[in-house]
Each structure stands twice: as structure tokens, then as C-alpha cells.
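# Understanding the architecture of this molecule
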Amino acid sequence: MREHLDQTDRRLVKLLSQDAQLGVNHLAEKMAISVPTVRVRLRGLVGRNLLKIVGLLNLTERPELISAIVGINALGRGRARELAQRISELPFVNSACVVTGRFDIIVDVTVAGDVDDLYRVTSELIPGAGEPGEIVRSETFVVMAACNKWVSLPEGCWSEENMRKETA
């Protein structure tokens, strides 16, 4: 069962969502609680995997990044969540969600480079995450323009190996 956040944790998360650079002292001041309380709350949220503090990139300002949404139809036989979990662990994948509607799983992908990288992700990596025949079909939607789309870089983007290739 998913855990509900209490009012203090919700306020802390909301402040960090607005500005993750706020220090513990500033958070405590804004929330009118003690600095040790803020520290304990933050450690607890992060430790329970309820909060992750990361830097986000404005995708509309990064022309070297390609964003795509991949819709997947799967023969999961009740195991769509397991397939989504395997897909979510792939390089270049921001998230994989089990959804209602025309697709069973929606995958958010970000690649650095060119369309060849995107093609490799959508035609090799994602199908390889499923058992043979488990992924029936997929449809890729390349994001042509985005409004307010902030992303953290998934594993694989701007990796040391890719950076060496770019500078060579």
C-alpha cells in the first residue's frame, strides 16, 4: 500500500518542488519548524524512496536532446507492471507507466545525439526487455515541441562514452 505524506512532509516537498536549492536552514525558516526536524524529514523521505532531489533540464532549451513517447501493446497476461519495471531500468528511459487506453505501457525516452540513438532504443532495447512475443507492437511519438517539459537525464544520456565520441 502506498504511503500518504503528512502535512509537514507535503509542505516540505512543495517547497523543494518550487526550488530544490533551498538549504535546510531556509526550509526550516519558511516552514517555521526546527532545522533538525527538516533534516530528519528529508532523510526519511529520501530513505523511503518518496523523494528524489535532482537537477532538471528544460527540454525545450536543449536541441541536442531528443524526447519521445513510446506506446506499447503487450501480452503481459497480468504482468504489465513487471514489463514496465524492466523497461524503466533501460538506458535512456525516464519512466515506464502502465496505463489505461489504447496502449498498455507508455514509456518516456530521452536520447542525446541523433535519431539513430532513438531508433536503437525503440527497436532494440525496449523490445529486448520483454520475453519473445510479449511486446506485440509499439508506436513512437517524437516530441517536436514541448511546453514546460523538464527532465532529469536518464542513464545513458551524456555518458562518459558518448562525451568521448563527441570530442573525438
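Everything that follows concerns the structure shown earlier in this document.
A few points on the structure. (Residues numbered from 1 in each chain as written. Predicted model: local features only at pLDDT ≥ 70, side-chain atom pairs only at ≥ 80, totals over all residues. Heavy atoms only, no water.)

### Description of the sheet that holds strand β2 (residues 65-74)
What the four strands build is an open sheet, ordered β3-β4-β2-β5; its pairing is antiparallel. Each edge of the open sheet is held by one strand with a lone partner, namely β3 (93-98) and β5 (135-142). Neighbour-to-neighbour, the strand axes of the sheet open up by a mean angle of 20°, direction not taken into account. Sheet topology places β3 next to strand β4 (residues 105-112); five bridges connect them, and they run antiparallel. The residue of β4 that forms the bridge with serine 95 is aspartate 108. Contacting β2, β3, β4 and β5, helix α4 (residues 80-88) crosses the sheet at an angle of about 175° to β3. In the packing of helix α5 (residues 115-128) onto the sheet, contacts are made with β2, β4 and β5, and the angle to β4 comes to roughly 140°. (Pairing = 2+ DSSP bridges. Helix = DSSP H or I, 4+ residues; strand = E, 2+ residues; numbered from the N terminus. Axes fitted to C-alpha atoms, helices over the stretch in contact; angles between N-to-C directions. Contact = heavy atoms within 4.5 Å.)

### A closer look at the pattern of salt bridges
Two side chains of opposite charge can pair, provided their charged atoms sit close to one another. All told, the structure shown has nine salt bridges when counted by the stated rule. Among the ionic pairs, arginine 79 bridges to glutamate 134, the shortest N-O distance being 3.7 Å. Pair noted here: arginine 79 is in the loop between β2 and α4 and glutamate 134 is in the loop between α5 and β5, with a separation of 55 residues, a long-range link. Of the charged contacts in the structure, one is a salt bridge between aspartate 108 and lysine 149, with a shortest N-O distance of 3.3 Å. Highlighted residues: aspartate 108 in strand β4 and lysine 149 in the loop between β5 and β6 (150-151), separated in sequence by 41 residues. A single burial state applies to aspartate 108 and to lysine 149, both of which are buried. Connected through salt bridges with shared partners, the residues Arg79, Glu82, Arg86 and Glu134 form a single ionic network. (Salt bridge = Lys/Arg side-chain N within 4 Å of Asp/Glu carboxyl O. Buried < 20%, exposed > 50% of the residue type's maximum accessible area, 1.4 Å probe, protein only.)

Geometric descriptors of this kind do not, in isolation, establish any biological role.
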